[in-house]
Every structure is written in structure tokens, then in C-alpha cells.
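Reading the structure
Okay, here's what each chain looks like letter by letter:
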Amino acid sequence: MTPDGLARALRQTLYCDASVSICWTTPGRPHVQAAGAPMDPDEVERLLEAQEDVGDPRRIGVSWTVEDGTRAAIAATLGEPMLQTAREVWQTMAKRLVDAYLAAERAHARVVSLEKSERLQQALYGIADLSGSDMDMGEMLRRIHDVVRGLMYAENLYIVLYDGERGTMRFLYFADNHDAFQADPELEIRVKEMPNSMTIALLHQDEAQYGPSEQVRHRLGVPRDPSHGPDSEDWLGVQMRREGQVCGALVVQSYERANLYGEEERALLQFVAQHVLTALDRRQARDELERRVEERTRALQVSNRDLQAEIVERQRAEHLQRALFRIAELSITSETMERFYAQTHDVVGELLYARNFYIAIVEDDTQVLHFPYSVDERDMVRYSRPLGDGLTEYVIRKGQPVLADGARLARLDASGEAKLHGAVPHYWLGVPLVHEGVVGGAIVVQSYSPAINFTERDQALLTFVAHHISNGLSRKRAQDRLVAAHAELEQRVESRTHELAQANAELLEQIGERLRAEQRLTYQARHDALTGLPNRSQLLERLGMAISRARQSPASLFAVLFLDLDRFKLVNDSAGHSAGDDLLVEAGRRIVSAVRDDDMVARLGGDEFAVLVEGVDSPAVVEQLAGRILGELSSPCWVAGREVFPSASIGIAYWNPHYRNGADLLRDADAAMYRAKATGRERWAVFDEAMRDQAVRILDLEADLRRAINGEGFVPFYQPIVSLDGGEVVGHEALLRWRHERRGLLAPGEFIGLGEDSGLIEEVDWILYRQVLKELAVAPGASYVSINVSPRHFRGNDFAERLLRLIDKEKADPSRLRIEITEVALLDDARHAIHMLNQLRAHGVLAQLDDFGTGFSALSYLHRFPIECLKIDRSFVSGLDTDEEHESVAVVRAIQALAGTLGIYTIGEGIETPEQSRVLGELGCERGQGYLFGRPAEAPVYLPRIPGGQA
């Protein structure tokens, strides 16, 4: 309904000749809005200032203030007087109608504002996504143009980058329906060359400019220059700033319509322009990184080629060394000489081409050349022959290697120095077999193909190998003679003992089998199957005997050590149960090596061991033994291809007459072990009555924790997060506190460990989240609240859905909620974490990375996660005003550089002094929190400024 329609509706409730006027003024707006019958301005002012006008019976006048501060008034002129009761009823009805109309108008205005905010947020997300895409710069800017076009009229848009030091600018993007100018993004235009440019004048201004281009030129003092394009009906230009300096501009204009751009469009375009600049900076940083990576890759490729050549050379040397070792081994392991020759051929074939290969041997007592081994594709068989003038005999006579191709072979044959026997090869290589200075034969390889030849390198290689083959032949012959002698002796002994062995074997087999069966059963009943150590049953038996001896001799002292490996589940989960079994076996071996000969080591199950120590003079002996065991276990060992540093926690329980049996001793030693584990692991602790009391207290505390969950005894405390530049409160971090019914207010450190162990901490977290969201739903202002989310929540599949349902239920604004997570939560399952963070971000819930720099700091993954900011850990902030300032400043500067590259901001944690706040601000940190700005309080402090922040 329109305001005039509202006035007509009110008039219809009166007599036909009545007239009704309505007027109102809204806070912050100087003009008055009116509807219905026209009124004189002075009359309107009087009516708005008065409460009620009853002086004229034919006139009704009433004014009032609506709950939002709007001042409203109704004036009615009647054709005839109205009863006082009817006047009052009509006034009440009319005020309610006007109130309802104004409330509807306010709701409509809020809806329009929210829709604009949502479009702006989607546009900024779109610009951020485009900056991280793989498309080229031109396409990315066209897409950004489309995004801006969705926010306002921007058919004609251009983007310029400005370099103040060089005095140049570049048209990075230019789209105009009426200007034929073609922009070259790489062309730098000197500012001096364009003295009449509105764009250059805009770059030298502090504020944005808008209006018809003729008016803007007049304000900027720029004369008309047709070379810079046609005039526009409406023109809007905003500056882009980097670190306070103008570095570019974004301009939109309209040639057909006027009055399109005002203050709202200027503010919107300025906001978008800064995000466009951020997108351009991110793209430029990524391109620079890719260029450096490409240069580094090329350098690595060159180094890799050199390294590959060196590796090949080393592999050749190692290959040769292995071949020589194999030849030496074959001389011992080969059953026969024929087998030795064949295996030697295989070794030579691994080093060079040896498809055609033979070995020639000269017997000592004859002048005959034998060929004990020959493999040839043409001369299938080589027969023994008297020593003559053959090519093989030529090598043996000379005692030198011969490398010959077809031409040299022909010359040797023509000169009569060496005759060829059999097929003529294309290449021939023969080297002598020399042992103790005497040539006893030759080894030959040859090729029948012109594509395969031999080189000087092959000759040197085969000569080197031949020397080892000759030594191997000598060892093999000597070994064969020795084996023959031993075989003869063994045959004689065997024949004499065979009958006796035959008779005894059957009897021994029967006796041995029965003994082995009994031993196996007894052993399995009393020992651990994996480690071979005594099991719990045998330990309790020995404990019973020790207790009996102690009762008979009160002066005797003994103790039980209960040992549990630290972080053993991590080995099982990461390397598998087989690796875990290997670690248990190694741990058992080390414990046994550390104890005395009379001490008993038992495995109780899982990663638990126990040691029974008897016959000790004082507790110091037992405690020294515990330290020795810890020292033995701490040495690194290799499990499943990984280096593991095992450790353990040990609990000690000494004999006391109040113990009834060994199980009681084990129970108390177990309790002491948990005390050792709770105080830092890799240490020992002695059981005392205080531990028993502690166990009772823990049980009571767990019961109190369960009651507190049912009664919601947990409350959030809020610590402010401020802007380091101005000290304004921009948000709060919600911190968990327990209002215990007897012990008062408890910090998380006093119960969080119990909650983790019992699994109750997740329920406590959801209680805290619900209370924070309730407070957020009614809290004034636009500051946000961050909640801590443990990795345990992130491992679940429904955390994001459950949190979003809770936000909807409590009617809180999701854009005012932040979640703080650690690097562990991200890296446990990166793909799942990215999906969950994107799901929350899509609904307005942003994520902050807490304690940054203290975890894995996986920089190669960080850019993949949709993180709003990094929280600099208090350990780095605390060193900014101490002797360690230089190290802390270097770390913070590196974190700031990383955050700048990712386009996110940082928050310094644990700021306690003005000096820390000042240094962080100078390093570029935008926000901070700590005792300097405020301690955690039960209700958030919504102040415009925190004392102690920088001005």
C-alpha cells in the first residue's frame, strides 16, 4: 500500500466530506514525508511538534514518536463534529495503522539492504575465486567486469594501474560501448603525455569523484580534450590504494542515463576496487612464484642431468664390483667346473656384449688347447687342437689383449701371424688368463654384426674381469680337489656309522617328539606367544611365591614395575600391526637387557610389560633399574622402514603387608604408571596413598563433570579482540569456564584432560557453542565471536551440519561467528577439512588458524584451505620486548609475508605490553588480543575503543 492509499483508507472511515493528511520524519533524514490532503509546511511542523489538537471540534490532530525514533502525525478535517469517544477510537485505530505501515516500510528497507549485502559478499567471493583461478589475466578481468556489472550499472568500465615513482600508468582493462580506444595492458603511458586526462587527475586526488563528466572535469580543473573519448552523462571513478598510496583506479560511466551514481555506489565501488586490487596482487604474486619455480626447475634439470651421469658412472662401478664378488663366490659355490664356466659367462654378459663367448685352456702337461666352455651362434662346437698359429694361440703367446675388427683380422691372417678358425667375426676381443705370471688360457668374445663392436673400454673391462676369472679358476680347481678328498673320507665314515644311526634314529624320534610336545604346551601356557616372555599367569605365580617369602621374612623387600609404551597406538595406526609387533619384540628385548639376571620380565598384553624385582636392599636400587630401562628404550630403532624413538612410562609399587595378592600389587603399579604418564611420559613414579586419593578425586570429578553437563554448569568467558591501529573492539574469543558447585570457577586446564579421556569434552563444547550463539543472537553491534574447535570435532562427518542447525535454532547471524582450528585439524584429513570449511564459509561462518607457527606449518597445503586469518602464537609475541626480540620479529615478519601472499590478515595473541602491541602494528599485524586489552569476562564488553590500543 502507498502512503496516499493509507490516507484514503483512513478517510473512508470518516464522513464522506472529511479529509485526512499524514506526515512523518525519520531520524537522520532532514525532509518530511507526507501523504493525503496537502498541508502548509508550517502547519506540518506545528502538527509534528504538538501532541494533540482538540481546539476545533471539526478537526482531529495527533502526533507521536514511533519506537525507532520516527516522529509521525495525522490531521483530519471533518464535515461535522464527532463524539469524543468516537474521536478517541478513531485516533487509536489511525495510529496503529500508521505504525504498522511504517514498520512494514522499515522491514522492506532492511530486506533491500540485506539483499545488497549478499550480492556484495557473493561478488567479493567471486573476485577472490577468480584471482586463484588458472585463466589468463584478460579473461579474469572480463569475469571481474561481469561481477561488478551485477552490483551496479557498469557496462562501460576500465581499470588502470599507476606507478607513482616512475610516473606511468597502464590501462589493464578497458571496455566501453562508445569509445573506440584499444587498451594494451603491457603499454606504459607516461603521465606527462596526458595532461588533460580525467583519470590522471583522479589518481592525484584523495577522494573518489562522480557526476556528469563535464562537472567532474570542472571540479578537477581539467579542460575538455576530445582525444580522451566522448563525454558521459554520469561518471564514477574510485582510487585503489596499496599501503595508503594510490596505485590505480577503477572507473564506470554511463552515456545514456544520468544520476546513476551516488554516495552508495561510490562506497560500493571503492570497496570492490580494493578487492580487485587484492586479486591483481595475488595473481601477480602467483605469476612471479610460477616464474621462479620454472627457473628453479630448469636449474634442477641441469643438476639432475649431471647427477644422473654421475649415478650411471657409479652404477657401472658398483655393477663391476658386484660381478667380481660373484666370480669370487662362484669359485666356492659352483658344484662343477661346467657350472662355474656357465655362471661366469652370465656375469660377463651383464658387463658387455657376450652372445658369442668361449674360454680356452692350455693343459700344464700337454701342448693341447682345450675349449671347456663355448657358446657361439655360428660355430656350435669347438674341438680341442694342438697349439698352433690360431688367433687364440696368438693372444696366449703375446700375453696381451687383442682387439681387432675385420680389417685387422685380415691383416693378421695375411701376414701369417694368426690364422682364423671357423666363421669370420666382424669384431673380436680376446684377453689372456694369467695366474701367478703364467698365461694358462684366454677368454674371448666376438660379434658377427657390424652394428655391435667392442671398444678400448670393453677391452680394459674384460682384462680386469679375466684376472679375477683366472684366480677363480685356480681356487675352483683347488676346492674341487679338496672336496674330492673330503668326499672319500666322508664316504668311509658314513658307511661305518650308518647302521648305528639307523638303529638309534627311530627311538630318538619317538622320545624327542613327546618331549617337544610337552615342552611346547608348558611353554605356551606360561609365555607370551609374540615376545617369548613370561605371561601374566607366570608373573602372578611368581608374585604369590614372593609374597609368601616376604610374609615369612618381614625384612625382605621386593617391587613390581608396571611399564607401558608411550604413543604405541600411533605406530600401530601409521605403520600397521605387523610393525607394532616388531616394536613390542624389540622393547621386550631391551627391557630384558636392562634388568638383572634374577629379575623377571613379563608381557601382560598389548604394550604393557611388568618387571618383578626381588632381593633389593633399598628403593634406590629399584629406581636406578627403572631409569636404566628408560635409557635402553629411548635409543632409536628401525620399524617397517621408519626410524622410531620408543619411550615408556613406569609405575613402581613396593611390597607392603597390606597387599593380599599379586593382583593388588599390579593394580597399584598400574596406577603409578598413569601418574608418570600424566606428568610428561618417559619417566617413572612410585605408588603412594596420595595416588589412591587422587584416583578417588578423579572419579568424583568425573561424576561432577557429568552432573555439570546435565545441569549446564559451564559458562563462556569472552576476551576482546581489537584493532591495533585504533583500538576498536572487532570481536571476542569465547573461552570455556566451569562454575563448580564447591570449587568455584575452574579453568579448562583443571578438567580438560579428564574430559578428553572420558569423551565428555565434546558435550561440553556443544553446551558452550549454544550459549555463545544465544548471546550472539541478542548482542548489539557487528563484532564477531570466535569459538575453539578441537581436531576431535573435525574428524566427525556431521560437525558442520550440526553447527549450522544450532545457528538457525538460536537465530544467530552466522557472519558474526568464527571458528578457531589448529594445523592438526587441517592435516589429519585435508580433503575432509576443506569440504567442511567450504560448507561453513558458504553460510557465512569463517575459519581462523590458531597457534600458527607452533605445529607442522604445512605451507604447501595452507593455500588450499579457505582461512580468514592466522593467529600468531603467544610464544612469538612474548619475545617482542625481550632479549629474543630479533628471532621473534623474524618469525612474525615471515608469518606476515605469508598472510599477505594468501590475502588474509593476522591476529597477535597474548599481548601484555604496549611495546608488543607497537612492534606487531609496525610489522603489519592488524588485530590483537591479550591482557593489555582486557582479561576474559563473563559478558563481552562492547566498547568503541579499548584503552591501551594504539591510536
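Just above sits the structure.
Residues numbered from 1 in each chain as written. Predicted model: local features only at pLDDT ≥ 70, side-chain atom pairs only at ≥ 80, totals over all residues. Heavy atoms only, no water.

1. Details of the pairing of strand β11 (residues 245-254)
- Within β11, nine of the ten residues are buried, which leaves it mostly tucked inside the rest of the structure.
- Relative to β11, strand β6 (residues 156-163) runs antiparallel, the two sharing six bridges. Its bridge partner being in β11, Asn 156 is matched across the sheet by Gln 253.
- Two elements, strand β10 (residues 234-242) and β11, share nine bridges in a ladder whose sense is antiparallel. Across the sheet, residue Met 240 finds its bridge partner in β11, namely Gly 248. (Buried < 20%, exposed > 50% of the residue type's maximum accessible area, 1.4 Å probe, protein only. Helix = DSSP H or I, 4+ residues; strand = E, 2+ residues; numbered from the N terminus. Pairing = 2+ DSSP bridges.)

2. Considerations on the pattern of salt bridges
- Under the counting rule described, the total for this entry stands at 37 salt bridges.
- The partner of Asp 668 in a salt bridge is Arg 667, with the nearest N and O atoms 3.1 Å apart.
- Accessibility expressed as a relative area gives 3% for Asp 668, which makes it buried.
- Taken together, the salt bridges that share partners define one network made up of Arg 660, Asp 664, Arg 667 and Asp 668. (Salt bridge = Lys/Arg side-chain N within 4 Å of Asp/Glu carboxyl O.)

3. A short note on the sheet that holds strand β16 (residues 427-435)
- The antiparallel open sheet is built from six strands, whose spatial order is β14-β13-β12-β17-β16-β15. At either end of the open sheet lies a strand with only one pairing partner, and these are β14 (385-386) and β15 (402-405).
- In this structure, strand β12 (residues 356-362) lies alongside strand β13 (residues 368-375), joined through five bridges in antiparallel fashion. Paired with Tyr 358 across the two strands is Ser 374, which belongs to β13.
- This element, helix α9 (residues 391-398), spans β12, β13, β14, β15, β16 and β17 (438-447) of the sheet and lies at about 40° to β16.
- The sheet strands contacting helix α10 (residues 406-415) are β15 and β16, and the helix crosses β15 at an angle near 105°. (Contact = heavy atoms within 4.5 Å. Axes fitted to C-alpha atoms, helices over the stretch in contact; angles between N-to-C directions.)

4. So, a nonpolar patch on the surface
- A cluster of nonpolar side chains, namely Met 380, Val 381 and Tyr 383, defines an oily patch on the protein surface of about 390 Å² accessible area.
- Turning to its location among the elements, Val 381 is positioned in the loop between β13 and β14.
- The exposed category is assigned to Val 381, whose relative accessible area is 52%. (Patch = residues over 30% accessible without salt bridge, like charges linked within 9 Å, V, L, I, M, F, W, Y side chains within 5 Å. Areas by Shrake-Rupley, 256 points an atom, 1.4 Å probe, with all protein chains shown as cover.)

5. Some details on the packing of aromatic side chains
- Under the criterion given, the structure shown has 15 aromatic pairs.
- An angle of 80° between the planes, with centres 5.0 Å apart, marks the rings of Phe 174 and Phe 181 as edge-to-face.
- For Phe 174, a relative accessible area of 18% gives the class buried.
- Here the aromatic cluster, defined as three or more aromatic residues joined through ring pairs, consists of Tyr 158, Phe 171, Phe 174 and Phe 181.
- Its guanidinium or amino end placed over the ring of Tyr 905, Arg 927 lies 4.4 Å from that ring's centre, counting from NZ or CZ.
- When the ring centre of Tyr 931 is taken as origin, the NZ or CZ atom of Arg 935, which lies over that ring, is 3.9 Å away. (Phe/Tyr/Trp six-rings, centres within 6.5 Å; stacked < 30°, edge-to-face > 60°. Lys NZ or Arg CZ within 6 Å of the ring centre and 35° of its normal.)

6. Brief notes about the packing of helix α21 (residues 799-810) against helix α23 (residues 830-842)
- Across the interface, α21 lies against α23 with an axial gap of 9 Å and an inter-helix angle of 20°. As summarised for this structure, α21 and α23 are arranged roughly parallel, according to the angle between their axes. Classified by chirality, the crossing of α23 by α21 is right-handed. For the pair α21 and α23, the contacting residues are Phe 799, Ala 800, Glu 801, Leu 803 and Leu 804 in the first and Met 836, Gln 839 and Leu 840 in the second. (Parallel < 35°, antiparallel > 145°, perpendicular 65-115°, else oblique. Left-handed = near helix turned anticlockwise from the far one by under 90°.)

7. Details of the nonpolar core
- Formed by 71 residues in total, the largest nonpolar core has its most connected members in Phe 794, Ile 819, Ile 821 and Leu 870.
- Looking at which element gives the most residues to this core, the answer is helix α19 (residues 761-778), with nine residues.
- Those residues in contact with Phe 794 that lie beyond four places of it in its chain are Val 789, Phe 799, Ile 819, Ile 821, Ala 825, His 832, Ala 833, Met 836 and Leu 837.
- In terms of nonpolar packing, the next biggest core, distinct from the first, is built from 32 residues, Leu 563, Phe 568, Leu 583 and Ala 626 among them. (Core = buried A, V, L, I, M, F, W, Y, C linked by side-chain atoms within 4.5 Å.)

8. Things to note about helix α8 (residues 337-351)
- Here α8 is 15 residues long and its end C-alpha atoms lie 22 Å apart, about the 21 Å a rise of 1.5 Å per residue gives.
- Within the sequence span of α8, burial applies to Met 337, Phe 340, Tyr 341, Gln 343, Thr 344, His 345, Val 347 and Val 348. (Expected span 1.5 Å × (residues − 1).)

9. Some details on the packing of helix α12 (residues 536-552) against helix α16 (residues 662-678)
- With their axes 8 Å apart at the nearest point, α12 and α16 run at an angle of 110° to one another. In terms of orientation, α12 and α16 fall into the roughly perpendicular class. Residues Arg 536, Leu 539, Leu 540, Leu 543 and Ile 547 of α12 touch α16, and the partners they reach there are Gly 662, Ala 663, Leu 665 and Leu 666.

10. As for the sheet that holds strand β19 (residues 600-605)
- Pairing within the open sheet is mixed, and its five strands lie in the order β19-β20-β18-β23-β24. Taken across any chain shown, the strands that pair with only one partner, and hence form the sheet edges, are β19 and β24 (684-686). Between one strand and the next, the sheet's axes are offset by a mean angle of 20°, whatever the strand orientation.

11. Some points on the side chain of Ser 647
- Following the sequence through the fold, Ser 647 ends up in the loop between β22 (642-644) and β23 (648-654).
- Ignoring any residue separated from it by four or fewer positions in sequence, one finds Ser 647 in contact with Leu 565, Asp 566, Arg 567 and Glu 682.

12. Things to note about the pairing of β12
- Of all the seven residues making up β12, seven are buried; the element is thus mostly covered by neighbouring parts of the structure.
- Examined bridge by bridge, β12 and β17 share six bridges and lie antiparallel to one another. In the sheet register, Ala 360 faces β17, and the bridge partner there is Ala 442.

13. Overview of the side chain of Arg 590
- Positionally, Arg 590 belongs in helix α14 (residues 577-594).
- Looking at Arg 590, the relative accessible area reads 7%, which means it is buried.
- Of the polar contacts made by the side chain of Arg 590, one reaches the side chain of Glu 586; its length is 2.8 Å.
- Each residue touching Arg 590, except ones within four places of it in the same chain, is listed here: Glu 632, Leu 633, Ser 635, Pro 636, Cys 637 and Pro 646. (Polar contact = N/O pair within 3.5 Å; in protein donor to acceptor, adjacent residues only side chain to side chain.)

14. Overview of unusual backbone geometry
- A positive phi angle, close to 55°, is found at Glu 243, a residue other than glycine.
- A positive phi angle, close to 60°, is found at Asn 259, a residue other than glycine.
- Considering the arrangement of structural elements, one finds Asn 259 in the loop between β11 and α7 (263-333).
- On the basis of relative accessibility, which here comes to 76%, the residue Asn 259 falls in the exposed class.

In short, geometric facts, not functional conclusions.
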